[in-house]
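Coordinate analysis (summary)
These are the residues of each chain, in order.
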Amino acid sequence: MTAVGGRLGLPLDARKQTRVQRIAARIKELKHLKWLYEEGPSGNGRAYLGLTNSTGCSSVWASTYPYNPYPFPWVNHLFQDAPSIAIGIFEGHMRKMADGFIAVRRAEAELAGQYSAEKTEAELAKLNWHAFTDEEFHLCPPIIAVGGDGAMMDIGFQNLSRLMASGKPLRVVVLDTQVYSNTGGQACTSGYTGQVSDMAMFGKGQHGKTEVRKELSLITMAHRGVYLLQSSQATASHLIGGVLRGLQSRRPAVFVLNSPCPTEHGTADDRATKAARMALECRAFPCVEYDPDAGETLADRLNLDGNPAIEDDWPTYSLNYLDDDGKQQSMELPMTVADWAATEGRFKKHFRPAMGDEDMVPFAEFVAMSEDERGDLNPFIYVLDSEGKLRRMQVSSEMVLLAEDRLNFWTQLKQLASVEVAESARGGVEADMEAEFDARLALVKAEYEAKLRELRIHYPQMVARRMAESLLQTGDGSQTVADVLRRAQDSKLEPLAEVNVDASLFGNGAAAKPAAPATVAAAAPTASATAVVEAPAAVEDDDDDDMEVEAYIESARCTTCNECTNLNGKMFAYNDLKQAEIVDPKAGTFQQLVKAAEACPVAIIHPGTPLNPKERDLAKWIKRAEPFN
Ligand code: SF4
């Protein structure tokens, strides 16, 4: 006998049979998916990334079509096309990934007994990458477009802009060599002022490139929804950490990487890391990270970690040399953009041995002078000759322009990140607010101190008078002084109205102080309190939260990795054992202490408590400091 019923109106045996068929179909789908992940058409299983490559050094260095060294899908097209091709591949790739996730979701619904041919299939039909769970999204191999600065910033700029505006989580690597390296070294918009290259030669009429460098970092930020990392091999932790964060982002991610080109930069083949390091330190190529998911404000999103001595125009370095007696000497010098440029062939025409003393000024000082102050003076930098002796090189006016441009860009970055506020802006609303705050604070403090002085003088007399009055009022001999005092202790105290102190003005550390006059005044005689014996000027400060804890490093465990010293060379420095110490906690911000603690690979930096209660976003940094204190 066959039973009939159920929602489908089918005999039970028929329903079982339908479910068995569905389960068999699910198993087949999952087996196919497993095969795709483990073997697939290539026999190598699922690829872990796909790469679209603009024609250029990055495509031809390894081989020529149809051979390439990449163990994953790779496609090469015209200079400008890598971003556009990546968009197309991304669409098809995510459709394929969605098909796989649909098979898994369908099987999960079946296992949970929640599968419905109409409802489940209708929902699954709509699945696209926007609706992937985080787990699903992170299973998707990234599609990466790679090209040089010429491909991405010049000829292919519109394609890159379109990719950034699309919001699709594609990844773009820009190998920024500041010149068209592959086609013979023509000038690129990413090149530096004064840089000599094809089409920006050094001659009578022109001394290298006259324009300033195009900053792709700022252009990327202008698209507003794009993760940006500007970095290089100069700082491995910044580079790797940023790339990992970019790969996790559900937004487009652009990695602008300084890529020293020995041939076109005129440097030794083994000098790339050193060249990148110098370019970072002299502000030619600063580290920049912009993460739209890092907060609401521009300052929250823009991160300048990785740059040395962030507060300063130029970091400093030690130049070791031999004096005329052959003795080892050392001096501390600013690492200016000229000190970096002098080490690269592309700028060498801007330097010549300095002749006399009279009209020479160190380059950093010269750049800081006004036009009038510069007058007939000439800037110079120190270099070492082949014997390690000190020499001076005169620097061209183009290098001065380059320095001004680099400082200008560096200042703009700091202003955007709220590390530094422009004087023009400070002269406006913020400066006014700060001045008003300080004026109010001074007024309230003065009022408080005056009241305290007055109470100290008059209070004992008041108490004595009140006690006498009280005794006279009860002059029938029925009460003693002790009775009066006991009544005073039991009486209700009233607050003093005259001292109206806004305690919040005193900030965290001083919040307890304005309360003192109220306590003292409350103890003063009132209609209901006939006498008081409390000490008048007792100021209680029992707030344990106000306790200051100094920042410190467990120096014995320091691995000398340079993370903290790069962050702020005035706050952190090495001792004689080449292990880091906090030499001046006031030389930077609490934020820097926390960031150093986070960056320290052995977690030995303890930020303590903030020294400046007015520091921006303090609550956030105190929270982030907690795991390290
Ligand atoms: S204290 Fe930490 S971050 Fe600083 S140099 Fe030592 S190991 Fe590196």
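Above this text sits the structure in question.
Below, the discussion takes up the pattern of salt bridges. Applying the stated criterion across every chain yields a total of 30 salt bridges. Residue D176 pairs with R213 through a salt bridge whose shortest N-O separation is 2.9 Å. Here D176, found in strand β4 (residues 171-176), pairs with R213, found in the loop between β6 (186-187) and α8 (216-222); they are 37 residues apart in sequence, far enough to count as distant. Residue R213 is classed as buried on the basis of its relative accessible area of 4%. Linking K595 and D305 is a salt bridge whose minimum nitrogen-to-oxygen distance equals 3.0 Å. Residue K595 is located in helix α22 (residues 590-599), and its partner D305 is located in the loop between β10 (302-303) and β11 (316-322); the two are separated by 290 residues in the primary sequence. Residue K595 shares its accessibility class with D305, and that shared class is buried. Bridged by salt links that share partners, the residues R19, R22, R26, E29, R106, E110 and E121 form one connected network.

What follows deals with the packing of aromatic side chains. Going through the model one piece at a time under the given rule, you end up with nine aromatic pairs. Ring geometry for Y192 against W340: centres 5.3 Å apart, planes inclined by 75°, an arrangement best described as edge-to-face. Taken together, the residues span a long stretch of sequence, with Y192 in the loop between β6 and α8 and W340 in helix α13 (residues 337-341) at a distance of 148 residues. For W340, a relative accessible area of 1% puts it in the buried group. R26 extends its terminal NZ or CZ atom over the ring of Y115, reaching a point 5.5 Å from the ring centre. Directly above the aromatic system of F157 lies the positively charged group of K214, at a separation of 4.8 Å from the ring centroid.

Counting residues in hydrophobic clusters, the biggest one holds 70 residues, and the most contacted among them are F132, V337, W340, F351 and F363. Setting aside residues no more than four positions away along its own chain, V337 makes contact with C282, A284, W314, F363, M399, L402, A403 and R406. Among the nonpolar cores identified, the runner-up in size contains 21 residues, and L593, A596, A597 and C600 belong to it.

For the rest of this paragraph, the subject is the site of the ligand. The local shell around the ligand holds 13 residues, among which C558, T559, C561, C564 and C600 are the closest. When atoms are counted within 2 Å of each cavity's grid points, the one that captures over half of the ligand is the largest cavity. Looking at side-chain class alone, the shell around the ligand contains nine nonpolar, three polar and one charged residues.

We now examine the sheet that holds strand β15 (residues 378-384). Whenever strands of a sheet pair, they do so through backbone hydrogen bonds, lying parallel or antiparallel. What the four strands build is an open sheet, ordered β13-β16-β15-β14; its pairing is mixed. Across the chains shown, the open sheet's two edge strands, defined by having one partner strand only, are β13 (351-353) and β14 (360-362). Strand-to-strand twist in this sheet, taken as the mean axis angle between neighbours without regard to direction, amounts to 50°. When β14 meets β15, the two strands line up parallel, connected through three bridges. When the bridges of β15 are listed, M360 appears paired with N378.

Per the counting criterion, the structure on display carries two cavities of 30 Å³ or more. When its volume is computed, the largest cavity comes out at roughly 70 Å³. Among the residues forming the lining of the largest cavity, the class breakdown is eleven nonpolar, three polar and one charged.

We now examine the packing of helix α1 (residues 12-38) against helix α3 (residues 82-111). Contact geometry of α1 with α3 gives a least axis separation of 10 Å together with a crossing angle of 140°. At the point where α1 passes α3, the crossing takes the left-handed sense. Across the interface between the two elements, R19, R22, I23, R26, E29, L30, L33 and Y37 of α1 pack against M97, G100, F101, A103, V104, R106, A107 and E110 of α3.

Bringing the side chain of R301 into the picture now. With respect to the secondary-structure elements, R301 resides in helix α12 (residues 298-301). E296 is the oppositely charged side chain nearest to the buried, salt-bridge-free R301, at an N-O distance of 5.0 Å. Once residues within four sequence positions are removed from consideration, R301 is found in contact with R224, E289, Y290, D291, P292, A294, G295 and E296.

Inspection of the secondary structure puts T267 in the loop between α10 (262-265) and α11 (272-281). Take T267: its relative accessible area is 14%, and that puts it in the buried class. When sequence neighbours within four positions are dropped, the list of residues in contact with T267 reads C261, P262, T343 and E344.

Moving on, we come to the environment of E311. Counting through the fold element by element, E311 comes out in the loop between β10 and β11. The class of E311 is partly exposed, set by a relative accessible area of 33%. Linking E311 and V419, residues 108 residues apart in sequence, is a C-alpha distance of 7.5 Å. Here the side chain of E311 touches Q592 through a polar contact of 3.3 Å, side chain to side chain.

What counts and how
Residues numbered from 1 in each chain as written. Predicted model: local features only at pLDDT ≥ 70, side-chain atom pairs only at ≥ 80, totals over all residues. Heavy atoms only, no water. Salt bridge = Lys/Arg side-chain N within 4 Å of Asp/Glu carboxyl O. Helix = DSSP H or I, 4+ residues; strand = E, 2+ residues; numbered from the N terminus. Buried < 20%, exposed > 50% of the residue type's maximum accessible area, 1.4 Å probe, protein only. Phe/Tyr/Trp six-rings, centres within 6.5 Å; stacked < 30°, edge-to-face > 60°. Lys NZ or Arg CZ within 6 Å of the ring centre and 35° of its normal. Core = buried A, V, L, I, M, F, W, Y, C linked by side-chain atoms within 4.5 Å. Contact = heavy atoms within 4.5 Å. Near = heavy atom within 4 Å. 1 Å grid on protein atoms, 1.4 Å probe; cavity = no way out; pocket = protein on both sides within 12 Å on 5 of 7 lines; lining within 4 Å. Sits in = over half its atoms within 2 Å of the grid points. Nonpolar A, V, L, I, M, F, W, Y, C, P; charged D, E, K, R; others polar. Pairing = 2+ DSSP bridges. Axes fitted to C-alpha atoms, helices over the stretch in contact; angles between N-to-C directions. Points joined across faces, edges and corners; volume = space filled by probe spheres on them. Left-handed = near helix turned anticlockwise from the far one by under 90°. Lys, Arg positive; Asp, Glu negative; His and termini not counted. Polar contact = N/O pair within 3.5 Å; in protein donor to acceptor, adjacent residues only side chain to side chain.

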